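What the coordinates show
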Amino acid sequence: YQIWAPTILIAGVTMLIICLIVFAPIRRSLSWMLPAFREVQIVNVASSLAVLLRGNTPLGDAVKLVRANTLNPATRVELDQWLERMDRGETRFHRIAEPSQSFPPLFGWAVETAGDNLADGFSRAAKLFLGRANYRFELLLNVFTPVSLVVLGGLIIVQALPVIGGITVMLD
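All values reported here derive from a predicted model rather than from experimental measurement. (Residues numbered from 1 in each chain as written. Predicted model: local features only at pLDDT ≥ 70, side-chain atom pairs only at ≥ 80, totals over all residues. Heavy atoms only, no water.)

1. Digging into the packing of helix α2 (residues 24-33) against helix α3 (residues 35-54)
Rules: Inter-axis angles, ranging from 0 to 180 degrees, are taken between N-to-C directions of lines fitted to C-alpha atoms, where helices are fitted over the stretch in contact. Helix and strand assignments come from DSSP, with helices taken as H or I runs of at least 4 residues and strands as E runs of at least 2, each series counted from the N terminus. For classification, angles of less than 35 degrees are called roughly parallel, those exceeding 145 degrees roughly antiparallel, those between 65 and 115 degrees roughly perpendicular, and all remaining angles oblique. For this analysis, residues touch if any pair of their heavy atoms sits within 4.5 Å. Residue classes follow a fixed rule: Ala, Val, Leu, Ile, Met, Phe, Trp, Tyr, Cys and Pro count as nonpolar, while Asp, Glu, Lys and Arg count as charged, and any other residue, Gly among them, counts as polar.
Axis separation between α2 and α3 bottoms out at 5 Å; the angle between their running directions is 95°. Taken together, the axes of α2 and α3 lie roughly perpendicular to each other. Within the contact between the two elements, α2 uses S31, W32 and M33 and α3 uses P35, F37, R38, Q41 and I42. In terms of residue class, the contact of α2 with α3 is made up of five nonpolar, two polar and one charged.

2. Side note on the packing of aromatic side chains
Definition in use: Within 6.5 Å between ring centres, the rings of Phe, Tyr and Trp (the latter by its six-membered ring) count as paired, and their orientation is classed by plane angle as stacked under 30 degrees, edge-to-face over 60, tilted in between. Relative accessibility thresholds used throughout: buried, under 20% of the residue-type maximum; exposed, over 50%; partly exposed, between the two (1.4 Å probe, protein chains only).
In total, this model carries nine aromatic pairs according to the counting rule given. Measuring from ring centre to ring centre gives 5.1 Å for F37 and F137, while their planes differ by 85°; the resulting arrangement is edge-to-face. Remark: F137 occurs in helix α8 (residues 118-171) and F37 occurs in helix α3; sequence separation between them is 100 residues. Exposure remark for F37: the relative accessible area of 35% places this residue in the partly exposed category. Residue classification places F137 among the partly exposed positions, given a relative accessible area of 28%. Ring geometry for W82 versus F93: centroids 5.4 Å apart, planes at 85°, classification edge-to-face. Residue W82 is found in helix α5 (residues 73-87), and its partner F93 is found in helix α6 (residues 93-96); the two are separated by eleven residues along the sequence. Assessed through its relative accessible area of 0%, W82 is described here as buried.

3. Some thoughts on the side chain of E78
Counting through the fold element by element, E78 comes out in helix α5. For E78, a relative accessible area of 5% translates into the label buried.

4. Here's the deal with the pattern of salt bridges
We count it as follows: Here, a salt bridge means any side-chain nitrogen of Lys or Arg that lies within 4 Å of a carboxyl oxygen of Asp or Glu.
One pass over the full model with this rule turns up eight salt bridges. When the shortest N-O distance is used, the salt bridge between E39 and R136 registers 3.5 Å. With E39 in helix α3 and R136 in helix α8, this pair connects stretches of sequence that are 97 residues apart. Salt-bridge contacts for E98 lead to R85; the nearest nitrogen and oxygen are separated by 3.6 Å. Here E98 is found in the loop between α6 and α7 (105-112), whereas its partner R85 is found in helix α5, with 13 residues between them in sequence. Owing to a relative accessible area of 39%, E98 belongs among the partly exposed residues under this scheme. When salt bridges that share partners are traced, they join E39, R132 and R136 into one network.

By themselves, these figures tell us nothing about what the structure is for.
Following this line, the structure appears as structure tokens:
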């Protein structure tokens, strides 16, 4: 049991990672669940909207285009709600993009601080969330490195224990 447990553990973790890489639906859903990856998705939406608005695309058309290229169903629903609010005549962005699961209140605030220049607001939101994503990735890396060293040390010890036990039996 002691010899096979680490091997089975490593094989299981490897299979899990392969499944996450190979299966796109799992990867897409995780990209909106994990904090750093969710913020990267928000950066993608905000920067896409900023580029489209700088190119004189109307906000409604820009949101439709971004919605068509968004893979997450929850974000598509949220962008549909933005379009419905714009169709009802809402003009202020904080009323168009009410805080939701996909877009936190900070997103609306960052866009709204630019006033009527929504392209600058979306650029500001993209920069803000990119900084947050970078911070979270660094934090994840700083947590992952020592944990992986402890796990690797534990695996080495577990693999070495039967060998050490065999040597002590032979010496006795």
